[in-house]
Amino acid sequence: MFLAKIYVTLKPAVNDPQGITVRGGLHNLGFTGVTEVRVGKYMEVRLDTTDEADAIRQADEMSRKLLSNPVIEDYRFDLTPA
Amino acid sequence: MKFGVVVFPGTWSDTDCFHAIDTVLHEPVEYIWHRQTDVQGFDCIVLPGGFSYGDYLRTGAIAKFAPVMTAVAEHARRGGLVIGICNGFQILCEAGLLPGALLRNQSLQFRCMWTNLRTENAGTPFTSSLSRGQVMRVPISHGDGNYYADDATLKDLEDSGRVVFRYCEADGAITPDANPNGSLHNIAGIMNERGNVLGMMPHPERCCEPLLGGDDGRLILESIVSGAGVAAGLK
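Quick look at the structure, then. Quick caveat: nothing in here was measured; it's all calculated off a predicted structure.

**A closer look at the overall build of chain B**
Here comes step 1: Check the secondary structure of chain B and you find six helices and eleven strands.
Here comes step 2: Scaling as 2.2 N^0.38, a compact globule of 235 residues should have a C-alpha radius of gyration of about 18 Å, and chain B matches this with 16 Å.
Here comes step 3: With the principal axes as the frame, chain B shows a C-alpha extent of 45 × 35 × 35 Å.
Here comes step 4: Here chain B, with 235 residues, has 54% of them falling under the buried criterion.
Here comes step 5: Contacts spanning at least 24 positions in sequence make up 76% of the contacts within chain B whose residues lie at least 6 apart.

Pasting the structure below:
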């Protein structure tokens, strides 16, 4: 078994109104040093395989095909035995 | 002109589309369930608005893998007409049948309001009853309608006349104030390269009768009916 921790983030060129609004909230809270916030998604996916190469291949393919939209988002993942 | 209105779990504008086609246009129309794998016999497929699969993950992300979407892509490949409205537009982008993506509205607010749309291209199967520059009043109702595409895609859309509708003022002026969601270039609707697949965020099916506050949407649906020959002539 492997646990894939998958992070999906907006591409740098894509405007993030949620991030801008959260930054404003942090400023209001006194965190005036916050210069930028980007909001993304985090997913935990458990994979029933003992083959690490297979787990990497699956995590990569699912991230590309469904979990992220390559037009607007990037993804990366960490894989740990679970 | 036979219409098929696709219904996903969470679709909410299917009955509005059905009503506009059936009761207002008097054209044949049937519902198509998302598990259906064949859409042969239909001339125009409508992907209506709503929240297919709860909008989970991203709008349209799960719907693009519904069995019916393979058939819709095949229908488009054969030159059949496809119109995606609101969530339907989002699904078409996710499925790669149209370029770009619909992001969260710039305001972060769900916007349910009337907009003015300027017709940018009247030479399409969806706009043949309109003239270039003609302004229509059509309502929007969405939280994720902020059209985005990279610079190269945007330039290609503009250069090839595939931006079909833009949000504008009542007099047709394209201004930031007229843009309800932050869409690049005030884009409200685009079509594919071949010209047989249209995606638009505003809801023409909700303004086909004066009783509903306006009937400009009827012009788009009537274009589809009268433009059937245009579609048949597509390469």
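**Looking at the interface of chain B and chain A**
Here comes step 1: In this complex, chain B contributes eleven residues to the contact, which on the side of chain A involves nine residues.
Here comes step 2: Across the side of chain B that touches chain A, the residue classes tally to five nonpolar, two polar and four charged.

**Considering the pairing of strand β1 (residues 3-7) of chain B**
Residues and elements named next belong to chain B.
Here comes step 1: A large share of β1 lies buried, amounting to five of its five residues.
Here comes step 2: Burial along β1 is two-sided: Phe3, Val5 and Val7 facing one way and Gly4 and Val6 facing the other are all buried.
Here comes step 3: As paired strands, β1 and strand β2 (residues 29-33) are joined by five bridges and run parallel to one another. Counterpart to Val6 in the pairing with β2 is Ile32.

**Details of helix α2 (residues 52-67) of chain A**
Residues and elements named next belong to chain A.
Here comes step 1: If you check which residues of α2 are buried, you get Ala55, Ala59, Ser63 and Leu67. One face of α2 carries all of its buried residues, which in axial projection span an arc of 65 degrees. For α2, the exposed residues set more than 90 degrees away from the buried face come down to Ala53, Asp54, Arg57, Glu61, Arg64 and Lys65.
Here comes step 2: In this structure, the buried residues of α2 make contact with β1 (2-10), β2 (41-47) and β3 (73-81).

**Focus: the nonpolar core**
Here comes step 1: Among the nonpolar cores identified, the biggest contains 72 residues, and Val6(B), Ile45(B), Val46(B), Ile83(B) and Leu92(B) are the most heavily contacted of them.
Here comes step 2: Leave out the neighbours within four places in its chain, and Val46(B) touches Phe3(B), Gly4(B), Val5(B), Val6(B), Cys17(B) and Ile83(B).
Here comes step 3: Among the nonpolar cores identified, the runner-up in size contains eight residues, and Ile6(A), Val8(A), Ala59(A) and Leu67(A) belong to it.

Thresholds applied
Numbering of residues starts from 1 in each chain and follows the order in which that chain's sequence is written. Key to labels: chains lettered from A, ligands numbered from 1, both in the order written. Since the coordinates come from a predicted model, pLDDT governs what is reported: local features require at least 70, and pairs of side-chain atoms require 80 or more to be given and counted, while whole-chain, interface and lining totals use all residues. Here a helix means four or more residues in a row that DSSP labels H or I, a strand means two or more in a row labelled E, and each is numbered from the N terminus. Every radius of gyration here is taken over C-alpha atoms, with the globule rule written as 2.2 Å times N^0.38, N being the number of residues. To sort residues by exposure, count the other C-beta atoms lying within 10 Å of each residue's C-beta; 20 or more gives buried, 12 or fewer gives exposed, and values between give partly exposed, all with C-beta atoms placed from the backbone. Contacts are defined on C-beta atoms placed from the backbone: any two residues whose C-beta positions lie within 7 Å are in contact. Gly falls in the polar group here, along with every residue not listed as nonpolar (Ala, Val, Leu, Ile, Met, Phe, Trp, Tyr, Cys, Pro) or charged (Asp, Glu, Lys, Arg). Being paired, for any two strands, means DSSP has found at least two bridges between them. An arc is given here, and it is the one of the directions from the helix axis to the C-beta atoms. The term nonpolar core refers to a set of buried Ala, Val, Leu, Ile, Met, Phe, Trp, Tyr and Cys residues connected through C-beta atoms within 7 Å.

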